[in-house]
Amino acid sequence: GEINDGHPVCKLLKNVERSSVGCTKIKLDLMDEHTINTMVSETLSLFPRLTRSLSSVIYRKTKGNPLFVSRLMLSLSKEGLLRPSLSRGRWEWEKEKIECRNLPTDVAIFLNDSIRELPDGVQSSLCILSCFGASANVSFIETLERALQKNIRDDLDVAVAKGLLDKIGVEYRFSHDRIQEATYNMMEDGTRRLFHFTYGLSLASLSIEEECDGILFIAVNQLNLGGPAIVQDPSQSFTVAGMNLRAGKKAMEMSDFKTALSYLNHGISFLRDRHWEDHYDLSLELFEVAAKCALSNGDHKRVSLLFDQVLEVAHSFEDKLEITYTYVRSLLTSSCLGEALTKGLYVLNELGIVLSGDLDALLVETKSMLAEYSDEQLLSLPVMTDEKKLMAMKILSRTQTCLIHTNPKSQPKATLHMVQYSLRHGMSGLSSVGFVLYGSFLACLGDIPAGYRYVKIAIRLAEKLNARSSMCEVLALGSQVMGYVEPLQSMNDVMVRSHEYGLAVGSISNAMLSRVLNIVCAFWSGKQLSLVKSTVNDTLRLMASHSTLVWILQTLPLYRTVLAMIGNVDDVPIILGSRSDIETEKERKMSETNLHLLKVVHFNKLYVGFIFRRYDEVKQLAVAYDAIASLPFNTILISHCMHVFYGGLINFWIARKTMDVSWFDRGERAIEKMRSYADCSSWNFQNKLLLLQAEQCFYLEDIESAKRFYDAAILSAQEHKFVHEEALACELAGHFMLESGEGRAALPYFLLAQKKYREWGAYAKEENMKTYIKEQFGNSK
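Note that the structure is predicted; figures quoted are calculated from it, not measured. (Residues numbered from 1 in each chain as written. Predicted model: local features only at pLDDT ≥ 70, side-chain atom pairs only at ≥ 80, totals over all residues. Heavy atoms only, no water.)

**Structural notes on the overall build of the protein chain**
Here is the rule: Per the convention used, a helix needs a DSSP run of H or I reaching at least four residues, while a strand needs a run of E reaching at least two, with both numbered from the N terminus. Both definitions apply: the radius of gyration is a C-alpha atom measure, and the globule rule equals 2.2 Å times residues to the power 0.38. The cut-offs for exposure are 20% and 50% of the maximum accessible area for each residue type, with area from a 1.4 Å probe on protein chains only; residues under the lower value are buried, those over the upper are exposed, and the others partly exposed. Only heavy atoms matter for contacts: two residues are in contact if any of them lie within 4.5 Å across the pair. Calculation of accessible area relied on Shrake-Rupley with a 1.4 Å probe; when residues are assessed, cover is drawn exclusively from the protein chains displayed.
Secondary structure assignment for the protein chain yields 40 helices and seven strands. For the protein chain, whose C-alpha radius of gyration is 36 Å, the value lies well above the compact-globule estimate of 28 Å for 781 residues. Its C-alpha atoms put the protein chain at 110 × 75 × 50 Å along the principal axes. In the protein chain, which comprises 781 residues, the share counted as buried stands at 55%. Nonlocal contacts in the protein chain, meaning residues at least 24 apart in sequence, comprise 68% of its contacts between residues at least 6 apart. When the accessible surface of the protein chain is split by element, carbon and sulfur atoms take 52% of a total near 34,100 Å².

**Concerning helix α39 (residues 743–760)**
Note the cut-off: To estimate how far a helix should extend, the number of its residues minus one is multiplied by 1.5 Å.
Taking 1.5 Å of rise per residue, 18 residues should cover 26 Å, and α39 covers 26 Å from first to last C-alpha, within 8% of that figure. Within α39, the full set of buried residues consists of A746, L747, Y749, F750, A753, Q754, K756, Y757 and W760. At the C-terminal side of α39, G761 shows a positive phi close to 95°.

**Some points on the packing of aromatic side chains**
What counts is decided by this rule: Pairing of aromatic side chains here covers Phe, Tyr and the six-membered ring of Trp, requires ring centres within 6.5 Å, and sorts the geometry by plane angle: under 30 degrees stacked, over 60 edge-to-face, intermediate tilted. Note on geometry: a ring has a charge over it if NZ (lysine) or CZ (arginine) is within 6 Å of the ring centre and within 35 degrees of the ring normal.
Here the structure, examined in full by the defined rule, presents 31 aromatic pairs. For the cation-ring pair, R666 lies above W663, with the distance from its terminal atom to the ring centre recorded as 4.3 Å.

**Digging into the packing of helix α22 (residues 387–406) against helix α23 (residues 411–425)**
To keep it simple, the criterion reads: Axis angles are defined between N-to-C directions and span 0 to 180 degrees, where every axis is a line fitted to C-alpha atoms and, for a helix, only to the segment in contact. Oblique is the label for every angle not falling under 35 degrees (roughly parallel), over 145 degrees (roughly antiparallel), or within 65 to 115 degrees (roughly perpendicular). Handedness of a helix crossing follows the sense of rotation of the near helix relative to the far helix, less than a right angle counterclockwise being left-handed and clockwise being right-handed. Gly counts as polar in this scheme, as do all residues outside two lists: the nonpolar Ala, Val, Leu, Ile, Met, Phe, Trp, Tyr, Cys and Pro, and the charged Asp, Glu, Lys and Arg.
Between α22 and α23, the shortest axis-to-axis distance is 8 Å and the interhelical angle comes to 160°. When the interaxial angle is binned, α22 and α23 end up roughly antiparallel. The chirality of how α22 crosses α23 is left-handed. Here K389, A392, M393, L396, S397, Q400, L403 and I404 of α22 come into contact with α23, specifically with Q411, A414, T415, H417, M418, Y421, S422 and H425. Among the residues forming the contact of α22 with α23, the class breakdown is eight nonpolar, seven polar and one charged.

**Some points on the sheet that holds strand β3 (residues 135–137)**
We count it as follows: Strand pairing requires that DSSP identify at least two bridges connecting the strands.
Taken in spatial order, the three strands make up an open sheet running β3-β5-β4, and their pairing is antiparallel. The sheet is open, and its two edges are formed by β3 and β4 (165–168), each paired on a single side. Pairwise comparison of adjacent strand axes, ignoring direction, gives a mean angle of 20° for this sheet. When β3 meets strand β5 (residues 171–174), the two strands line up antiparallel, connected through three bridges. Bridge pairing in β5 places A136 opposite Y172. Set on the sheet, helix α8 (residues 138–148) makes contact with β3, β4 and β5; between it and β3 the angle comes to about 85°. On the sheet, helix α9 (residues 153–161) packs against β4 and β5 and is oriented at approximately 110° with respect to β4.

**Considering the environment of L442**
Mapped onto the fold, L442 is located in helix α24 (residues 429–444). The sequence separation of L442 and V364 amounts to 78 residues, and the corresponding C-alpha distance is 12 Å. Each residue touching L442, except ones within four places of it in the same chain, is listed here: L363, K367, D447, A450, G451 and Y454.

**A short note on the side chain of T326**
Of note, T326 is situated in helix α18 (residues 317–333). Residue classification places T326 among the buried residues on the basis of a relative accessible area of 1%. In this view, T326 contacts A291, K292, L295 and V303; residues no more than four positions away in its chain are not counted.

**What to know about the environment of Q686**
As a reminder, the rule being used: What qualifies as a polar contact is a pair of N or O atoms within 3.5 Å, subject to a donor-acceptor requirement within protein and to the restriction that residues adjacent in sequence count only when both atoms come from side chains.
Within the secondary structure layout, Q686 lies in helix α36 (residues 682–700). Using a relative accessible area of 31% as the deciding quantity, one classes Q686 as partly exposed. Beyond its immediate chain neighbours, meaning those up to four positions away, Q686 contacts A678, S681, S716 and H720. Of note is the side chain of Q686, whose polar atom sits 2.8 Å from the side chain of S716.

**Description of the pattern of salt bridges**
To keep it simple, the criterion reads: In what follows, salt bridge is the name for a side-chain nitrogen of Lys or Arg lying within 4 Å of a carboxyl oxygen of Asp or Glu.
Summed over the entire model, instances satisfying the criterion amount to 32 salt bridges. E365 is paired through a salt bridge with R424; the nearest N and O atoms lie 3.4 Å apart. Of this pair, E365 sits in helix α20 (residues 359–370) while R424 sits in helix α23; the two residues are 59 residues apart in sequence, bridging distant segments of the chain. Residue class for E365 comes out partly exposed when judged on its relative accessible area of 35%. Taking the relative accessible area as the measure of exposure, R424 reaches 49% and is therefore partly exposed.

**Describing the environment of V383**
In this structure, V383 sits in the loop between α21 (375–379) and α22. Note: C-alpha distance between V383 and N687 (304 residues apart in sequence) is 45 Å. When sequence neighbours within four positions are dropped, the list of residues in contact with V383 reads G426, M427 and L465.

**What about the nonpolar core?**
Spelled out, the test is: In these notes, a set of buried Ala, Val, Leu, Ile, Met, Phe, Trp, Tyr and Cys residues joined through side-chain atoms within 4.5 Å is what counts as a nonpolar core.
In this structure, F435, Y607, F610, Y646 and L728 are the most contacted members of the largest nonpolar core, which totals 235 residues. The residues contacting Y646, other than those within four sequence positions of it, are W524, F603, Y607, F610, H724, E725 and L728. Formed by 16 residues, the second largest nonpolar core is a distinct cluster that contains L46, V57, L82 and W93.

**Notes on the packing of α39 against helix α40 (residues 763–777)**
Relative to each other, α39 and α40 sit at 160°, their axes nearing to 8 Å. On the basis of the axis angle, α39 is roughly antiparallel to α40. Seen along the crossing, α39 lies across α40 with a hand that is left-handed. Residue-level inspection shows G743, A746, L747, F750, L751, A753, Q754, Y757 and R758 of α39 in contact with α40, the latter providing Y763, K765, E766, M769, K770, Y772, I773 and F777.

**Some remarks on the pairing of strand β2 (residues 90–93)**
Across four bridges, strand β1 (residues 82–85) lies against β2 in antiparallel orientation. Its bridge partner being in β2, R83 is matched across the sheet by E92.

**Observations regarding the state of the cysteines**
To be explicit about the condition: Our working definition of a disulfide is a cysteine sulfur pair at a distance within 2.5 Å.
Evaluated as defined, the whole model comprises zero disulfides. Summary of cysteine pairing: C293 is not part of a disulfide, and the nearest cysteine sulfur, belonging to C472, is at 17 Å. Note on C293: relative accessible area 0%, which makes it buried. Not engaged in a disulfide, the cysteine C730 finds its nearest cysteine sulfur in C697; these two sulfurs lie 18 Å apart.

**Concerning unusual backbone geometry**
Despite not being glycine, S335 shows a phi value in the positive range, around 65°. Here S335 lies in the loop between α18 and α19 (337–350). Overall, the relative accessible area of 15% leaves S335 in the buried class.

**So, the pairing of β5**
Note: β4 against β5, four bridges, orientation antiparallel. Paired with K167 across the bridge in β5 is Y172. Between β4 and β5, which pair antiparallel one after the other, the connecting turn spans two residues, and G169 there sits at a positive phi close to 65°.

**Focus: helix α30 (residues 549–566)**
Applicable threshold: In this scheme, the bend at a residue equals the angle between the axes fitted to the seven residues that finish there and the seven that begin there.
Here α30 is 18 residues long and its end C-alpha atoms lie 25 Å apart, about the 26 Å a rise of 1.5 Å per residue gives. The axis of α30 is deflected most strongly, by about 30°, at L556, and proline P557 appears within four residues downstream. For α30, the buried fraction is high: 17 of the 18 residues fall into the buried class. Just past α30, the residue G567 takes up positive phi, approximately 80°.

Right under this line is the structure:
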């Protein structure tokens, strides 16, 4: 490039001159396009007519500087854009890709000095373009010309001819980011901000006139680059705040919640002193929507800050409702369950809804009300329109979520109120949540067919009302009932749909709920454990990024079970400040107030102890777990049937060891429960029932019946694609044979169990089996 008098080369030349050493100066002038074509033609040994397309591009990019021509050609050759072709026996190039390529930095620096030599009009148009980034298509330039009432394209074409811009297809682009930067910095900071704001106002007017969202986003970005300090007319501040609100809501519709929050925060920054007095409605909506968007981004501190401000200035209780609902959701997601429940119950009380009275009587009343309607009649009920009643449904939905974790005995009261409220006042999207929870409650009471019916009604209702914000929760909770009727493996697709709905509407907590349930389903359906581990790793990191503590805590116990089965503790995420494979004191304290979490934690420890045959540990855990399991849980989950299944197997194991009939009685109750499940889905539960019956016969010393049941359980697990339960059935059959004195018959079962555990990816358990087989049978194969 060009150098000044202070450059080391210039100093060297002066020293040479002072030393009277002979020196010949050669001045390299800029070459025209014809000369460059001759140079390229001779360099590549091609006819000039063949190299004209290449030399034309090189000329535009270098302005004919001979040093830059060779520099650019070398760069193109290194990148493979200019290369020898063996098949054609000549050089070839890709003109379109070369046109798209940025200039080398030294060429860009050289061209920067050319900007101020341009006519004022061209400089002005370049400055305008630089305010919108590195490039712009022709259609936007035309829009800008209409908004600013100025001809820009002719000036830009001049800049193209000078090599400062490239025109590629329908796009103008600065030849290098250094050129765009230099053009942008030609303007003083205050001038730039004023230009941004002026362009934004002009485009905003055009976006309203032409009803174009694309122009709206560009306009608001320009206004925000101008910033609040540049505004002189107070009325403009509120106009810009309103434009940001509009852009934020549009971005939320497009599921871009990060950008939406940026718009909304900018909108709030444009509000002036006394904005609550002078523009109350605008201020309230900005704060409400910003809080909702902050929650979608996992920014709970921002939600709390916005909530506190609205609470201080809101004119009425009704004006506090929307942001209070968002705040309750934030508390729930961050596992502040007690505070969330207190606020939810307070709001319900103010709305005239008290969750008291006898649960049985409330259930009878609800069933009586529903008996008057067929499925089609329920779906045809009027739509709820009253804003306060819709808010009551919202608060009820989140209150029942809090109760699931803190007071599961009372949770159905909120659910039954939601159903009755819908029947009395009309259907809403949240009515579908009420019906899916009602179905879950009925299934938990033992009436799975009725529960399944109401789940299907809930899904149809959400679809009919296009209740996208409720569909995530409906599908997630509905899958937990559907899994008792339909093949468990098919629930994966349902929960993937649920997760997608949650992300699309910004319901991050429900989206994470669906991920948790999907992981649980994947594990218990026998999915390859390495895939389950990978999914959990990704999920935990995603949950951490959104600060969804309540679901992190629900995920960690099963994750540790997966790691125990694999025997691989590498690549574990750091969650809650420590490795996710290690239980923290913080988790233990939180589980003391979260009964659902307490049950999950204890069951996973019990399961791992059972699988690895640690009898003393299992017996101690079983006593503690029995007390927790006796607590009323009124929402059915897929994991609950696994609690029944493995709890029954453990009970029979302890009964055989202790000869304590009370443990045997618990095992028999598990059989009766599993039989009711198998009546609804033989695919999911037949193998489990058969294995429980085999263990029952083992205790009763009914040897021949036990053999039949073990073999039938193995075959059923294989047919229904539960590889992990096929492995378990083989292992338990081996133990039965060994303890029955049929050691030779036991070995094939143990070897098959080892193979199936390996297929599942439970490598630690496979090694456990190898060690056990060696201890019992030596090196027999």
